Amino acid sequence: MFIISACLLGMDCKYNGGNNRNEAVIRFAETHSHVVVCPETAGGLERPRPPAERQGDRIVNKEGLDVTEYFRRGAELSLKKVLEESERSGEPIEGAILKANSPSCGSGMIYDGSFTGNKVPGDGCFTELLKARGIEVLTEKNLVESGDFPADAK
């Protein structure tokens, strides 16, 4: 079973009320067992809302409000959902495909907190929880580059 960001499947949970629909991710989801998550809405963040970025250990929105607790709560609730679904289905978690650069789901690179589009090495708070459990996390960009999840390579 894979974990997939809801916004990548076309669900309108993005900060601006839209989504990040990605055809490669949708094709992947059609042929792989998966559980859908949006840590940000799970944590109680409304949509639309101001964009947020990581600034060190904190997550701050563009208006300067510290929204770290919403993001942490959403990450924990999403992890709980994933673990419960894995237990219920009897399927191991094979990996995750999450939204690139996000303060929740980014993997390897995230926005730098300046709201200028600059990126720095780092992970989103949900991704950190998954990686701490040894779960491989890719973004939609990795999936497009590889053509499939590396664990599926034949």
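Structure shown above.
A quick note: this is a predicted structure, and the numbers were derived from the prediction, not measured. (Residues numbered from 1 in each chain as written. Predicted model: local features only at pLDDT ≥ 70, side-chain atom pairs only at ≥ 80, totals over all residues. Heavy atoms only, no water.)

Peer 1: Where do I start with the overall build of the chain in this structure?
Peer 2: Regarding its fold elements, the chain presents five helices and eight strands. Across the chain, helices and strands are ordered from the amino to the carboxyl terminus as β-α-β-α-β-β-α-β-β-β-α-β-α. In terms of C-alpha radius of gyration, the chain reaches 15 Å, essentially the compact-globule figure of 15 Å for 154 residues. Along the longest, intermediate and shortest principal axes, the C-alpha atoms of the chain span 45 × 30 × 25 Å. Across the 154 residues of the chain, 46% fall into the buried class. Taking the contacts inside the chain whose residues are at least 6 apart along the sequence as the reference set, 62% of them involve residues at least 24 apart. On the chain, roughly 7,700 Å² of surface is accessible, and the fraction owed to carbon and sulfur atoms is 48%. Across the chain, the mean location of the 19 positive side-chain charges is 3 Å away from that of the 24 negative side-chain charges. (Helix = DSSP H or I, 4+ residues; strand = E, 2+ residues; numbered from the N terminus. Rg over C-alpha atoms; globule rule 2.2 N^0.38 Å. Buried < 20%, exposed > 50% of the residue type's maximum accessible area, 1.4 Å probe, protein only. Contact = heavy atoms within 4.5 Å. Areas by Shrake-Rupley, 256 points an atom, 1.4 Å probe, with all protein chains shown as cover. Lys, Arg positive; Asp, Glu negative; His and termini not counted. Charge placed at Lys NZ, Arg CZ, Asp CG, Glu CD.)

Peer 1: What am I meant to see in the side chain of Glu-140 here?
Peer 2: Inspection of the secondary structure assignment puts Glu-140 in helix α5 (residues 140–146). Contact partners of Glu-140, with chain neighbours within four places excluded, come to Leu-8, Asn-22, Val-25, Ile-97, Leu-98, Lys-99 and Ala-100.

Peer 1: Teacher, can you tell me more about the nonpolar core here?
Peer 2: Inside soluble globular proteins, nonpolar side chains tend to come together where they are buried. Counting 20 residues, the largest nonpolar core has Ile-3, Ile-59, Phe-71, Ala-96, Leu-98, Phe-126 and Leu-130 as its most contacted members. If you tally residues by element for this core, the top one is helix α3 (residues 68–89), at four residues. Each residue touching Phe-71, except ones within four places of it in the same chain, is listed here: Glu-40, Leu-45, Ala-52, Ile-59, Pro-103, Ser-104 and Cys-125. One finds Val-25, Phe-28, Ile-97 and Leu-143 within the second-largest nonpolar core, a separate group that totals 15 residues. (Core = buried A, V, L, I, M, F, W, Y, C linked by side-chain atoms within 4.5 Å.)

Peer 1: Explanation requested: the environment of Ser-33 in the structure shown.
Peer 2: Note that Ser-33 resides in the loop between α1 (23–31) and β2 (34–37). The class for Ser-33 is partly exposed, based on a relative accessible area of 34%. Considering only alpha carbons, one finds Ser-33 and Glu-91, 58 residues apart in sequence, at a separation of 8.8 Å. In this structure, Ser-33 is in contact with Met-1, Phe-2 and Glu-91, ignoring residues within four places of it in sequence. Side-chain polar atoms of Ser-33 contact the side chain of Glu-91, separated by 2.8 Å. (Polar contact = N/O pair within 3.5 Å; in protein donor to acceptor, adjacent residues only side chain to side chain.)

Peer 1: Please clarify how the pattern of salt bridges should be interpreted in this entry.
Peer 2: Close approach of charged atoms allows side chains of opposite charge to pair. Counted according to the given criterion, the structure contains nine salt bridges. A salt bridge links Arg-54 to Glu-128; the nearest nitrogen and oxygen atoms lie 3.1 Å apart. Within this pair, whereas Arg-54 is found in strand β3 (residues 52–55), its partner Glu-128 is found in helix α4 (residues 125–132), the two being separated by 74 residues in sequence. For Arg-54, a relative accessible area of 9% translates into the label buried. Judged by its relative accessible area of 38%, Glu-128 falls in the partly exposed class. The partner of Arg-58 in a salt bridge is Asp-66, with the nearest N and O atoms 2.9 Å apart. (Salt bridge = Lys/Arg side-chain N within 4 Å of Asp/Glu carboxyl O.)

Remember, this is a structural readout, not a statement about activity or role.
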